[in-house]
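Structural overview for review
What follows is each chain in one-letter form.
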Amino acid sequence: MAAPKGRFARYLDTVDVTALSTRDYTDADVTAALGRENRDLADLAVLLSPAGTARIEDIAQAARATTLRRFGRAVRLYAPLYVSNACLSSCTYCGFAKDLAISRRTLTVDEVEQEAGLLTGRGFRHLLLVAGEHRVEVSQDYLVEIIERLRPLVPSLSIETQTWSDDTYQRLVAAGLEGVVHYQETYDRTRYGETHTAGWKRDYDRRLNSTELAGEAGVRRLGVGALLGLAADWRADVLSVAAHAAFLVKNFWRTEVTVSLPRIKPSMSGYQPLVPVSDAQYVQALSALRLFEPEAGIVLSTREPAALRDGLVRIAVTTMSAGSSTEPGGYSAPGVATEQFSISDERSPAEVAAMLEKAGYEPVWKDAFPLVG
Ligand code: SF4
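**Some thoughts on the confidence of the model for the protein**
Chain-level pLDDT for the protein is 95 on average; 98% of the residues reach the 70-or-more range. Across residues 369–373 the pLDDT falls below 50, and counting only partners more than four positions away or on other chains, this stretch makes 13 contacts in the model.

**Considerations on unusual backbone geometry**
Note: most residues except glycine have negative phi, and most peptide bonds are trans. Although it is not a glycine, glutamate 185 adopts a positive phi angle of roughly 75°. Residue class for glutamate 185 comes out buried when judged on its relative accessible area of 8%.

**A short note on the pairing of strand β5 (residues 179–185)**
For a regular strand, side-chain orientation follows a simple rule: the groups alternate between the two sheet faces. Most of β5 sits out of view: seven of its seven residues are buried. Neither face of β5 is left uncovered, since the one carrying Gly179, Val181, Tyr183 and Glu185 and the one carrying Val180, His182 and Gln184 both have all their residues buried. Bridging between strand β4 (residues 156–160) and β5 involves two bridges; their strand directions are parallel. Bridging across to β5, isoleucine 159 finds its partner in valine 180. Between β4 and its parallel partner β5, the chain crosses via helix α9 (residues 166–175), and the hand of that crossover is right-handed.

**A word on the side chain of glutamine 340**
Relative to the helices and strands, glutamine 340 resides in the loop between β10 (319–321) and α15 (349–358). Judged by relative accessible area, glutamine 340 falls into the buried class, the value being 18%. Reaching out from glutamine 340, the side chain makes a polar contact with the side chain of tyrosine 82 at a distance of 2.7 Å. Each residue touching glutamine 340, except ones within four places of it in the same chain, is listed here: Tyr82, Cys94, Gly95, Phe96, Ser267 and Thr326.

**Digging into the site of the ligand**
Neighbouring the ligand are Cys87, Ser89, Cys91, Cys94, Phe96, Ala97, Gly132, Glu133, Lys201 and Gln340. Its residues assigned to classes, the shell around the ligand shows five nonpolar, three polar and two charged.

**With respect to α9**
In an α-helix, one turn spans 3.6 residues; hence positions three or four apart end up facing the same way. Those residues of α9 that fall on the buried side of the exposure criterion are Thr168, Tyr169, Leu172 and Ala175. Looking straight down α9, one finds that the buried residues subtend no more than 120° of arc, so they occupy a single side. Residues Asp167 and Ala174 are exposed on α9 and point more than 90 degrees away from its buried face. Packing partners of the buried residues in α9 comprise α8 (140–150), β4, β5 and α11 (204–216). Glycine 176, located one to two residues past α9, shows a positive phi value of around 125°.

**Details of the side chain of serine 49**
Position of serine 49 relative to the elements: it lies in the loop between α4 (41–48) and α5 (50–53). Given a relative accessible area of 1%, serine 49 falls into the buried group. When sequence neighbours within four positions are dropped, the list of residues in contact with serine 49 reads Tyr25, Arg235 and Gln284.

**Describing the pattern of salt bridges**
Pairing of side chains with opposite charge becomes possible as their charged atoms draw close. Under the definition given, this model contains 24 salt bridges. We note a salt bridge from aspartate 141 to arginine 171, for which the minimum N-O separation is 2.8 Å. Of this pair, aspartate 141 sits in helix α8 while arginine 171 sits in helix α9, placing them 30 residues apart in sequence. A residue is classified by how much of its surface remains accessible, and aspartate 141, at 47% relative accessible area, is partly exposed. Here arginine 206 ties to aspartate 203 by a salt bridge, and the two come within 3.5 Å at their closest N and O atoms.

**A closer look at the packing of helix α3 (residues 27–35) against α4**
Axis separation between α3 and α4 bottoms out at 9 Å; the angle between their running directions is 130°. One finds that α3 runs oblique with respect to α4. For the pair α3 and α4, the crossing hand works out as left-handed. Within the contact between the two elements, α3 uses Asp29, Val30, Ala33 and Leu34 and α4 uses Asp43, Val46 and Leu47.

**Observations concerning the packing of aromatic side chains**
Enumeration over the complete set of coordinates arrives at six aromatic pairs. Measuring from ring centre to ring centre gives 6.0 Å for tyrosine 82 and phenylalanine 96, while their planes differ by 85°; the resulting arrangement is edge-to-face. Here the residue tyrosine 82 occupies a position in strand β1 (residues 74–84), and phenylalanine 96 occupies one in the loop between β2 (90–91) and α7 (109–121), the gap between them amounting to 14 residues. Residue classification places tyrosine 82 among the buried residues on the basis of a relative accessible area of 4%.

**A few points about the pairing of β4**
For β4, a buried count of five out of five residues is recorded, marking the element as mostly surrounded by other parts of the structure. Because side chains alternate across β4, one face comprises the buried residues Ser156, Ser158 and Glu160, and the other comprises Leu157 and Ile159, equally buried. The parallel pair strand β3 (residues 126–131) and β4, bridged by α8, forms a crossover whose chirality is right-handed.

**So, the packing of α4 against helix α12 (residues 234–251)**
One can describe the packing of α4 onto α12 by two numbers: an axis separation of 10 Å at closest approach and a directional angle of 145°. With respect to the hand of their crossing, α4 and α12 are arranged in right-handed fashion. Taken together, the residues of α12 that come into contact with α4 (itself represented by Leu41, Leu44, Ala45 and Leu48) are Trp234, Arg235, Val238, Leu239, Ala242 and Ala243. Tallied by class, residues from the contact of α4 with α12 come to nine nonpolar, no polar and one charged.

**Focus: a positive patch on the surface**
There is a patch of like positive charges on the surface, built from Arg64, Arg73, Arg314 and Lys358. As for its position among the elements, arginine 64 is in helix α6 (residues 56–71). Look at arginine 64 and you get partly exposed, because its relative accessible area is 30%.

What counts and what doesn't
- Residues numbered from 1 in each chain as written.
- Predicted model: local features only at pLDDT ≥ 70, side-chain atom pairs only at ≥ 80, totals over all residues.
- Heavy atoms only, no water.
- pLDDT = per-residue confidence, 0-100.
- Contact = heavy atoms within 4.5 Å.
- Buried < 20%, exposed > 50% of the residue type's maximum accessible area, 1.4 Å probe, protein only.
- Helix = DSSP H or I, 4+ residues; strand = E, 2+ residues; numbered from the N terminus.
- Pairing = 2+ DSSP bridges.
- Right-handed = clockwise from strand over helix to strand, strands pointing away.
- Polar contact = N/O pair within 3.5 Å; in protein donor to acceptor, adjacent residues only side chain to side chain.
- Near = heavy atom within 4 Å.
- Nonpolar A, V, L, I, M, F, W, Y, C, P; charged D, E, K, R; others polar.
- Arc of directions from axis to C-beta.
- Salt bridge = Lys/Arg side-chain N within 4 Å of Asp/Glu carboxyl O.
- Axes fitted to C-alpha atoms, helices over the stretch in contact; angles between N-to-C directions.
- Parallel < 35°, antiparallel > 145°, perpendicular 65-115°, else oblique.
- Left-handed = near helix turned anticlockwise from the far one by under 90°.
- Phe/Tyr/Trp six-rings, centres within 6.5 Å; stacked < 30°, edge-to-face > 60°.
- Patch = residues over 30% accessible without salt bridge, like charges linked within 9 Å, V, L, I, M, F, W, Y side chains within 5 Å.
- Areas by Shrake-Rupley, 256 points an atom, 1.4 Å probe, with all protein chains shown as cover.
- Lys, Arg positive; Asp, Glu negative; His and termini not counted.
- Charge placed at Lys NZ, Arg CZ, Asp CG, Glu CD.

Here is the structure:
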């Protein structure tokens, strides 16, 4: 049975993001949106529009000033730790989809600890445990065991796995879990149905509600995101994910909220973006997002190329991964299991940290983010 709509889903039903994203805007609209102190979704739509693209320099400069004021010159570094690529769902864009003939692997808890040891040796104190959707291979008991094992070694642990019930989130928090990341991928219900063809993830509302459940269970960091290129109207997805972040900031005020807008990368799925998002549009999207929701952290993965990442750190990004592998066990023994997607920034964590320092930023390896109480 499909999950009922949660609070945010009901709110989103009241907002016509398509009407906002497709309206014609003028240069004067952009000037007005830039001039406001507190911006609403209509302002965000203006900043994301083609008229906004023509003013990208102004939007990026305003975003940079806002980021510096709110977050200072600190960028948190984290690493994804893939524990399994087993999956019972089919998402048309993903290299782990259940019907793909790939090399599957689920790490033992000892192997996860070994991977974590390598990553802490490289400086990381914030790890994101990533898994496909497989309730048997990646059970809640398995995750609890991993979290309890890693907790003394890694002060900040987050998960990016399937969605869970509120009881399970409570159990994971009790074990030491700090953060939960759920990408809605696309907020367009029709497109969501077309691209999530089988499995647990196919239930749009269950996925959308899960972030609220995690927040109510006491998770301290909540991450949401959309996969740009999945739906034809990327601006509508940015509007929706921004509204989602603002909802979480407002309703879970003790929780740190982050947003990520990955662009589709090549994978075993062979999926090609429906509408590619250019680099300029990508900078525009992250800058506009920063101006709409100054409280939210913005996360950038190694999917993006090094030069673009270096530029975005100076504009809007507050958290980034470095030296990532997207295959289970890929830090200790690369090439055994299939990766989820290919990465673009192949620099080592030390090289990324050196880049940040050279740019005048402090790489933050552990949970000492300056404005999180
Ligand atoms: S995106 Fe997640 S649920 Fe979908 S196929 Fe990939 S691993 Fe499975």
